[in-house]
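Analysis of the macromolecular model
So the chains spell out like this:
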Protein chains: 4
Amino acid sequence: MIVVMDLQVGEKELQAVEEVLQEYGYQCHLIRGENRIVVGAVGSGSGEIPPNLETMPGVEKVMRVMQPFKLVSREFKRDDTVVAAGKLRVGGGFVSVLAGPCAVESEEQLKEAARAVKEAGAVGLRGGAYKPRTSPYSFQGLMEKGLNYLSNIKKETGMAVITEAVNPADIEAVAEVADIVQIGARNMQNYPLLREAGQLRKPVLLKRGLSATVEEWLMAAEYIMSGGNYEVILCERGIRTFETYTRNTLDVSAIALAKRLSHLPVIADPSHAGGQWRLVRPLALASLAAGADGLLIEVHPDPARALCDGPQSLNPKHFSELMSEVAALVPVLGKTLCRGEA
Amino acid sequence: MIVVMDLQVGEKELQAVEEVLQEYGYQCHLIRGENRIVVGAVGSGSGEIPPNLETMPGVEKVMRVMQPFKLVSREFKRDDTVVAAGKLRVGGGFVSVLAGPCAVESEEQLKEAARAVKEAGAVGLRGGAYKPRTSPYSFQGLMEKGLNYLSNIKKETGMAVITEAVNPADIEAVAEVADIVQIGARNMQNYPLLREAGQLRKPVLLKRGLSATVEEWLMAAEYIMSGGNYEVILCERGIRTFETYTRNTLDVSAIALAKRLSHLPVIADPSHAGGQWRLVRPLALASLAAGADGLLIEVHPDPARALCDGPQSLNPKHFSELMSEVAALVPVLGKTLCRGEA
Amino acid sequence: MIVVMDLQVGEKELQAVEEVLQEYGYQCHLIRGENRIVVGAVGSGSGEIPPNLETMPGVEKVMRVMQPFKLVSREFKRDDTVVAAGKLRVGGGFVSVLAGPCAVESEEQLKEAARAVKEAGAVGLRGGAYKPRTSPYSFQGLMEKGLNYLSNIKKETGMAVITEAVNPADIEAVAEVADIVQIGARNMQNYPLLREAGQLRKPVLLKRGLSATVEEWLMAAEYIMSGGNYEVILCERGIRTFETYTRNTLDVSAIALAKRLSHLPVIADPSHAGGQWRLVRPLALASLAAGADGLLIEVHPDPARALCDGPQSLNPKHFSELMSEVAALVPVLGKTLCRGEA
Amino acid sequence: MIVVMDLQVGEKELQAVEEVLQEYGYQCHLIRGENRIVVGAVGSGSGEIPPNLETMPGVEKVMRVMQPFKLVSREFKRDDTVVAAGKLRVGGGFVSVLAGPCAVESEEQLKEAARAVKEAGAVGLRGGAYKPRTSPYSFQGLMEKGLNYLSNIKKETGMAVITEAVNPADIEAVAEVADIVQIGARNMQNYPLLREAGQLRKPVLLKRGLSATVEEWLMAAEYIMSGGNYEVILCERGIRTFETYTRNTLDVSAIALAKRLSHLPVIADPSHAGGQWRLVRPLALASLAAGADGLLIEVHPDPARALCDGPQSLNPKHFSELMSEVAALVPVLGKTLCRGEA
């Protein structure tokens, strides 16, 4: 349920409304937008509306949220949420590109990648320290050491760093280094991890599961938001289909739908979606045209030697060419590209 | 197998090559491009290469085609195939928009739709006379009467008309009226129908099946081309996925892949893909950004009263707005939009 | 709508009811069961119930059919439909096995296969004369010649012959030879072919499409029944999934569902479903345990030399072993196995 | 790599072999079967075979494992693994049924369910204390309290208790109560959880992910086994498909394939697969016919009042009827049903 408050409402009136809602078993989430103040009331089993709520001082309107996701829905918050970290902004008309290697392999490899993507205009640096791998015998990431390298490069370049957390026990340590904490596709319904992410006060990027519906994806974001962390970025990274030429199939309608159903920013990962570096360019442009607020792209200084996901990584030259095309496209779509370098 | 010929090769030398290939059980397809003349040899069970073929006069090179599709593949023909009908051109840097109602319902409805889409800049008019419907009790199209209306409107407007054939027995009658004969998604592997389409000397638009892989789609096109009809337009119209908010899921990587693997033009149908008129705009733009050479869009003068697919049809106003965005996007992608009206 | 009539109703009363229904735009289908006589009224756009229908002489009850499929549904006909051809019976507690090669390759190959499967207890002989193949360059079947061989072997062995029709223009010729006409998975929504099948007065086996839902499958059966052909056998042959070890994935819940939602007999094709001969045994037994009324199994005298689907064909020895297990299982499930040989 | 040892090999020779393998970067897993002793060597990046390995004392044969899963594969261990807990045995010809409510709701509900399923012949009791739910606002299980109730009922009934762990931090606490620790479908690729499960010395039941391939499922089991826990039970619980009548689609070929590719026992969960109590019976019988070594079935004393998954739960009467059919079927398949009650 959404309780829309008068913009001039006082603290006492707000508190009174929250108390009544809590009596009825609701958790309250207060959102102060530019144009309205809203109390989101979620999680009561009964779903009952307190009888006098609508007539309490400061209350303008009481609305039920029809969707199963509440805090995540556009019914709850009409304006786009903008998530910012350093020069990076996504949502509300801002587009940013995050790029870097699939896995942090060494300090040198990370530095080389960071410089290249920054020079080409990326504002965020991606790099995995903890890698979820299908085989227990594959390279699992540099872990703590990888986090240290990311921490160093962040100081050096000023880029916003995004890296993945895979274990509820480690997520705080990851959040100390990361500007944006990534939850991977395989963990989209790892509820203990989502709950921990809800306790952070750092942006969380939530990848869509390989076979998740848009509703399930938004419900996963609801787990994070219901913990009080409202800075969630959704990331479409391709779904599993019958196609064998590609690793996954980028779902641009999910981007368009998520933008319509939710106020959260949505970005796309065309590298995992296609699984081939040749597909990154068309899929990146298509994602933006469909409404994406940003891109997450794998770039490796030497893709042929990558320990992970080499075939889908761009080299710095191809990434730089892509950035030129992105820079030409974004204004045609009525949006603004955040640039790292002058 | 592809036999690349000297550009100055004479008819006699060509014939000699074809005779040798036929002796070995091959069918021959001659393609005269601007930069090379090629004999495509397909369909021999043995796959044997005649021993002296490479040394015959006029033969430059003999290459095996690795893909299971032969005439359709870019190995066979490097340059984009451009299919033209009236002012419509798709492929080779040209983009065209075909629009109109899902089904022809009456002469008045068709005229109204045709005028509206022409005015907004469409060069092709779509409209189904034979409608494949899931239920035997649903409206199945006006059939012959629908073809007559299409024939009249074509004379009146000069637009290229596209309409669907569903029965091998009727395809010639359809081709007499249509400038482009459509094969629907459910018939993508209707081989008797594909064989008849291969006998036509009219462009054929081949929709991808709901769960077909890109390879199966290109193999279906190979059925048409192996009959001698080289004017095939591929059309991505969304695949079946687990998503329930949308009717189907537009697969933009299939567009990018088909453009890479084949020389044939590829267009997108964002109306069927999304199943909601609100999704048509983002999906149309995403398709073009992914490399599509055109769009097939459902427009109805009064979507709320459509006998078929109303919820996914644009009204004329929304279509006109979309055309403005398309006109702004296409040049950024380095292509040319074919316009109907000055 | 279903109009349940008094068991003692006279012809005149029946006719009066049908006339009223026809005035309201319905087609009428009369089904005389052992326990009730029913008039099925389908296909009126309005869906209006004639006001005095319920009080007409002979009318016991008027019921709407809630499912989109009408004649096919168990609401329409409560008792199992039993389809019979020679010694073959499927439905109503009877189980039959049809076996034979994927494609008729020669008269000798067909005879050898027929003798082997008959000896092992099959009552039906399968063999394709028209083969729908993904590539235009693959073996497409012996066509008319194949039909002749089937006709000869039928006279010799007395087995019920099942073979596929792929073109509406050929279906009558196929039906002259076949005891059961097969509609393949790729043609499940080939409506002109289904309509022609509805005009036959021969049993039709309708395979489920590779990605069809159970509802779409039953709607395809409705096309056949609405033409007046009530002898339809449904055949589950595996759906497309992400699994790469198997060709398709046998869907046993579809068997159980189809038996619950419809009165039609349902059989399974474990050969196409698994795509590997080693999987035929477990999938065949699982299908029967899930409620299937029969099996369609590929058997080839020499699978290694088959022109089509060799890897999924059983040799005669393995087929004979499977038949022993089937014979042991069927009575435990409370059903009766129809045997060819004494 | 598998090193097959002489059955009479001494400890010193074994140790020498393991030391050489460890020098080359391998982890060693020793499996003593009835007919052979095997050292499994996994996880070396190089994959190099130590040059003199084959000639070392006690070594009979050195074989590479072709599959990406090693310890899990039948190449590694030819005989069926039998997992036992109390009267429960699965694998090696033994079939057991585990039943009980989806979630532990109260001590009374659990007791009632336990008595009913034990009386009907179940040897294992299922009941979730930690419930992964799509919505953060749904009932999430009784957690520690639920574990206590399970611990009490276990003492009372002597049944083997199975319950789910969802967080690596809690898995040891769960394992103190549970005889079999369940890893749910959504956590099939939750690698930190799988690694913790690998440290347990208790049987682990690993459910297949909703869209996982059989290979991915077996790779997840490899994570557990590579930690040294060899008691893994695989559980097929249905995959996501396009079908809307059912919750998921039971994949019986996955059961047959897993039994062929791996030595681990495989059981089926027909309750989650179908999502409807009416489908439990046909799906349970089909699973056993396909080769399953057991069943996991939801039974609730009063399904209409269940807090979770009521529609797919059997009531005690229907469960008891099912057990009679299972008892009749298992011997026909050449296996033995483990019974709780005399």
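As a convention, each chain's residues are numbered from 1 in the sequence order in which they are written. As a convention, the first chain written is A and the first ligand written is 1, with the rest following in written order. Only residues with pLDDT of at least 70 get local features here, since the model is predicted, and only at 80 or more are side-chain atom pairs given and counted; chain-wide, interface and lining totals rely on the full set of residues. The basis for every side-chain value is the complete set of non-hydrogen atoms in the structure, without hydrogens or water.

Okay, the overall build of chain A next. Only DSSP runs of H or I reaching four residues or more are called helices, and only runs of E reaching two or more are called strands; each is numbered from the N terminus. For chain A, the count of helices and strands is 10 helices and 15 strands. When its C-alpha atoms are laid out on the principal axes, chain A stretches across 65 × 45 × 45 Å. Sequence separation of 24 or more characterises 68% of the internal contacts of chain A that already satisfy a separation of 6 or more. All accessibility values rest on the Shrake-Rupley procedure with a 1.4 Å probe; residue burial counts only the protein chains present in the view. Just so you have it, chain A exposes about 12,100 Å², and 47% of that area is on carbon and sulfur atoms. A residue counts as positive if it is Lys or Arg and as negative if it is Asp or Glu; His and the chain ends are not included. By convention, the point assigned to a charge is CZ for Arg, NZ for Lys, CD for Glu and CG for Asp. With 37 positive and 41 negative side-chain charges, chain A shows a spacing of 4 Å between the two charge centroids. Two residues qualify as a contact provided that any one of their heavy atoms is within 4.5 Å of a heavy atom in the partner residue.

Proximity of charged atoms lets side chains of opposite charge pair with each other. Put simply, a salt bridge is a Lys or Arg side-chain nitrogen that is within 4 Å of an Asp or Glu carboxyl oxygen. As enumerated under the stated definition, the model contains 72 salt bridges over all chains in all. Here R32 of chain A makes a salt bridge to E11 of chain A, at a shortest N to O gap of 2.9 Å. With R32 of chain A in strand 2 (residues 27–32) and E11 of chain A in helix 1 (residues 11–23), this pair connects stretches of sequence that are 21 residues apart. Residue burial is assigned from relative accessible area. The probe radius is 1.4 Å, only protein chains are included, and a residue is buried under 20% of its type maximum, exposed over 50%, and partly exposed in between. The exposed category is assigned to E11 of chain A, whose relative accessible area is 53%. We note a salt bridge from R208 of chain D to E243 of chain C, for which the minimum N-O separation is 3.9 Å. Of this pair, R208 of chain D sits in the loop between strand 11 (204–207) and helix 6 (214–226) while E243 of chain C is found in the loop between strand 12 (232–236) and helix 7 (252–261), placing the two residues in two different chains. E243 of chain C matches R208 of chain D in its accessibility class, with the two residues each being buried. Linked by salt bridges that have partners in common, R74, D80, K259, D293 and K335 of chain A make up one network.

All names here are of chain A. Spatial ordering of the open sheet is given by 2-3-1-4, a layout of 4 strands whose pairing is antiparallel. With one partner strand each, in any of the chains shown, strand 2 and strand 4 (59–63) form the two edges of the open sheet. Ignoring strand direction, the axes of neighbouring strands in this sheet form an average angle of 20°. Strands were regarded as paired on the criterion that DSSP finds at least two bridges between them. Pairing geometry for strand 1 (residues 2–5) and strand 4, over 4 bridges, is antiparallel. Among the inter-strand pairings, V3 is bridged to a residue of strand 4, identified as V62. The axes are straight lines fitted to the C-alpha atoms, using for helices just the contacting stretch, and the angles between their N-to-C directions are given from 0 to 180°. Against the sheet, helix 1 engages strand 1, strand 2, strand 3 (37–42) and strand 4, with an angle of about 150° to strand 2.

Alignment of copies: least-squares fit on C-alpha atoms of residues with pLDDT of at least 70 in both copies. If you rotate chain C by 180° and push it 0.0 Å along the axis, it lands on chain A with an RMSD of 0.0 Å. The operation mapping one copy onto its partner corresponds to a two-fold rotation axis. Using C-alpha coordinates, one finds that chain C approaches the rotation axis most closely at F242 of chain C, a distance of 3.0 Å. Interface overlap between copies is the fraction of interface residues in one copy that are interface residues in the other; for chain C against chain A it reaches 100%, indicating a shared surface.

All names here are of chain B. Summarising the sheet, strand 2 (residues 27–32) and strand 3 (residues 37–42) pair through 6 bridges and their orientation is antiparallel. Directly across from C28, in strand 3, lies its bridge partner A41. Hairpin remark: strand 2 followed by strand 3, antiparallel, with 4 residues in the connecting loop.

So, about the relation of the copies chain D and chain C. For these two chain copies, the linking operation is a rotation about an axis paired with a shift along it. Its rotation angle being 180°, the transformation that places chain D on chain C also includes 0.0 Å of axial translation and leaves an RMSD of 0.1 Å. Interface residue correspondence from chain D to chain C reaches 100%, placing this contact among same-surface, isologous pairings.

On to the confidence of the model for chain A, then. pLDDT measures the predictor's confidence residue by residue and takes values from 0 up to 100. Summary statistics for chain A give a mean pLDDT of 94 and a share of 99% for residues scoring 70 or more. Across the whole predicted complex the pTM is 0.93, and at the interface the ipTM reaches 0.92.

Each pair of aromatic rings taken from Phe, Tyr and Trp, with Trp reduced to its six-membered ring, is defined by centres within 6.5 Å and is described as stacked if the planes are under 30 degrees apart, edge-to-face if over 60, and tilted in the remaining cases. Scanning the entire structure with this criterion turns up 8 aromatic pairs over all chains. Members of the aromatic cluster, connected to one another through ring pairs, are F242 of chain A, F242 of chain B, F242 of chain C together with F242 of chain D. Above the ring of F94 of chain A, the side-chain terminus of R89 of chain A is found at 4.3 Å from the ring centroid. Criterion for a charge above a ring: Arg CZ or Lys NZ at most 6 Å from the ring centre, at most 35 degrees from the ring normal.

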